[in-house]
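Coordinate analysis (summary)
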Amino acid sequence: MTHLAILAAQPPQAPDGGGGVLDFVLANPFALALTVVFLVALVGAFVAARKRDRCLKKFRKHHVTLEEQSGRRIWGRLKVFSKGLELEYESPLDQPAKNSFLIYETELAKILSIHRFADRLDAGGHRRRGRQARKLADPPLATRLTRWARNVVNTFRDAIVSAMGMSVQQAAKASPNPVLTAQGGQVNAIGSLLVGETANAYEPMIEQHIGRPVILEVVNPADPDKRVTEYHGYLGEYSAQFILLVTVRDRFHETVPLGGGGTFLEGALEVRADGNTVRVENGSAVETVVEGIRAGDICHDTDTRIGPGETGEIAVPAEVARAEGAACALSWQREFDLIVPRSVGVIRHASEAPKHGHD
């Protein structure tokens, strides 16, 4: 009897269920505010950690050559982060070893261009680049529909975020809670983060040329003459900060003074020019043309072609070798994809398909 009396005196136990914690949070203003703030911080950290520039993401894990406005070139395998870039060298440099080069968010403004040269990729990278370039130059229907949906979200971004805020206000009216009303701004913040990640820079004038041939104009701010360089390719992508062109083909020109030398093509081409001979060791995968030896009005054309893996020597005529300012002129053609900051490059012209195609 005593045991029965004690059991009868005990209050009935609430059934176990998942609503206990939720009821406590909703009934406790401080707990609700703390939960909302924590949720905003969690979502914000997740979105910020995974967000990458849409153009830079295309070159991720590929071998690229980055050129700064100062003229410095760095090359390696690209890693893309939300607030910077890292280029991993093919082999360590110097002692102690330097294995990579880091570019921080504040230094991105110093970039002039990022090239992804087809001849520098391994077999796997070449296949990935080929598939990606074809997809960007001629987007399939599914890609176009996804892009259209993303642009719609971007166009109505403010309206979507406002609708989320209004939903919170209506919920507060239906179930009056001063904390829920006060935290409407926090919910708007979550909406802005999520919609901002989905959306992209959207400019109808540029958007119409996605997947089409265009001409990109680039001007180096550090160049006192502000010379314009044109690139002809397919517009693959653009973002608020960068423009991506795919399947570009261009000829590069360099000069080496007699009595000097230099390395080019990411260190794969070595040129030594003394007074009598120009020696070219081509360890690259592209053909190099020694166009000639020039000094003022004197021009000795050679048009000597040195293929990949070959070494060539060109004799310098005595009258040219004695001339002041004599230099050897070289050139080579490369196919590449290109990213430039929008602060230095603009899509200037719609164009026609390059003669070399985009395969």
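Residues numbered from 1 in each chain as written. Predicted model: local features only at pLDDT ≥ 70, side-chain atom pairs only at ≥ 80, totals over all residues. Heavy atoms only, no water.

**As for a positive patch on the surface**
On the surface, a cluster of positive charge is contributed by Lys57, Arg60, Lys61, Arg77, Arg127, Arg128, Arg131 and Arg134. It is helix α5 (residues 123-137) that provides the largest number of residues to the positive patch, a total of four residues. Considering the arrangement of structural elements, one finds Arg134 in helix α5. The exposure class assigned to Arg134 is partly exposed, which follows from its relative accessible area of 42%. (Patch = residues over 30% accessible without salt bridge, like charges linked within 9 Å, V, L, I, M, F, W, Y side chains within 5 Å. Areas by Shrake-Rupley, 256 points an atom, 1.4 Å probe, with all protein chains shown as cover. Salt bridge = Lys/Arg side-chain N within 4 Å of Asp/Glu carboxyl O. Lys, Arg positive; Asp, Glu negative; His and termini not counted. Charge placed at Lys NZ, Arg CZ, Asp CG, Glu CD. Helix = DSSP H or I, 4+ residues; strand = E, 2+ residues; numbered from the N terminus. Buried < 20%, exposed > 50% of the residue type's maximum accessible area, 1.4 Å probe, protein only.)

**Notes on the confidence of the model for the protein chain**
Looking at the protein chain as a whole, the pLDDT averages 82, with 74% of positions reaching at least 70. Across the protein chain, the secondary-structure element scoring lowest on mean pLDDT is helix α1 (residues 2-9), at 48, and the one scoring highest is strand β5 (residues 111-117), at 98. (pLDDT = per-residue confidence, 0-100.)

**A short note on the environment of Phe264**
Residue position: Phe264 is located in strand β9 (residues 260-264). With a relative accessible area of 15%, Phe264 lands in the buried category. As for Phe264 and Ser284, which are separated by 20 residues in sequence, their C-alpha atoms are 9.3 Å apart. When sequence neighbours within four positions are dropped, the list of residues in contact with Phe264 reads Glu254, Val256, Leu269, Val271 and Trp332. (Contact = heavy atoms within 4.5 Å.)

**Points about the sheet that holds strand β10 (residues 269-273)**
The four strands are arranged β9-β10-β11-β14 in an open sheet whose pairing can be described as antiparallel. Looking along the sheet, the strands with just one partner apiece sit at the ends: β9 and β14 (311-315). Averaged over all pairs of adjacent strands, the angle between their axes in this sheet comes to 10°, without regard to strand direction. Where strand β11 (residues 277-282) and β14 come together, five bridges link them in antiparallel fashion. Considered in β14, the bridge of Arg279 is made with Glu313. (Pairing = 2+ DSSP bridges. Axes fitted to C-alpha atoms, helices over the stretch in contact; angles between N-to-C directions.)

**As for the nonpolar core**
Soluble globular proteins tend to pack their nonpolar side chains together in the buried interior. Ranked by size, the top nonpolar core spans 24 residues in total, and within it Leu66, Leu85, Ile114 and Ile339 carry the most contacts. Those elements giving two or more residues to this core turn out to be α4 (54-57), β1 (63-68), β2 (73-81), β3 (84-93), β4 (98-104), β5, α5 and β8 (242-257). Judged by nonpolar contacts, the second largest core, of 23 residues, contains Val271, Val280, Val286 and Ile306. (Core = buried A, V, L, I, M, F, W, Y, C linked by side-chain atoms within 4.5 Å.)

**Some details on the environment of Glu254**
Along the polypeptide, Glu254 turns up in strand β8. Residues Glu254 and Leu330, 76 residues apart in the sequence, show an inter-C-alpha distance of 5.4 Å. Excluding its chain neighbours within four sequence positions, the residues that come into contact with Glu254 are Phe264, Cys328, Ala329, Leu330 and Trp332.

**Regarding the side chain of His63**
Summarising the element assignment, His63 is placed in strand β1. For His63, a relative accessible area of 7% gives the class buried. Reaching out from His63, the side chain makes a polar contact with the side chain of Glu90 at a distance of 3.4 Å. Not counting residues within four places of it along the chain, the set of residues in contact with His63 comprises Trp75, Gly76, Arg77, Glu90, His115, Arg116, Arg120 and Leu121. (Polar contact = N/O pair within 3.5 Å; in protein donor to acceptor, adjacent residues only side chain to side chain.)

**Quick word on α5**
Here α5 is 15 residues long and its end C-alpha atoms lie 21 Å apart, about the 21 Å a rise of 1.5 Å per residue gives. Residues of α5 that are buried sit in contact with β5, β7 (228-238), β8 and β15 (327-341). (Expected span 1.5 Å × (residues − 1).)

**Considerations on the pairing of strand β13 (residues 298-306)**
One ladder, built from seven bridges, connects strand β12 (residues 288-295) with β13; its direction is antiparallel. Along β13, the bridge assignment pairs Val289 with Arg305. In this antiparallel pair of consecutive strands, β12 and β13, the connection spans two residues, and Gly296 shows a positive phi of 60°.

**Comments concerning the pairing of β2**
Both β1 and β2 contribute to a ladder of five bridges, which runs antiparallel. Across the sheet, residue Thr65 finds its bridge partner in β2, namely Trp75. Hairpin remark: β1 followed by β2, antiparallel, with four residues in the connecting loop; positive phi at Gly71, about 105°. As paired elements, β2 and β3 share five bridges and run antiparallel to each other. Residue pairing for β3: Phe81 is matched across the bridge by Gly84.

**Some thoughts on the pattern of salt bridges**
Taken as a whole and assessed by the stated rule, the structure comprises 25 salt bridges. The closest approach of N and O atoms between Lys79 and Glu88, which form a salt bridge, is 3.7 Å. Among the residues examined, Glu88 registers a relative accessible area of 32% and is labelled partly exposed. Its salt-bridge partner being Arg294, residue Glu291 comes within 3.8 Å of it at the nearest N-O pair. For Arg294, a relative accessible area of 36% translates into the label partly exposed. Look at the salt bridges and you will find they share partners, linking Glu90, Asp119, Arg120, Glu266 and Arg334 into a network.

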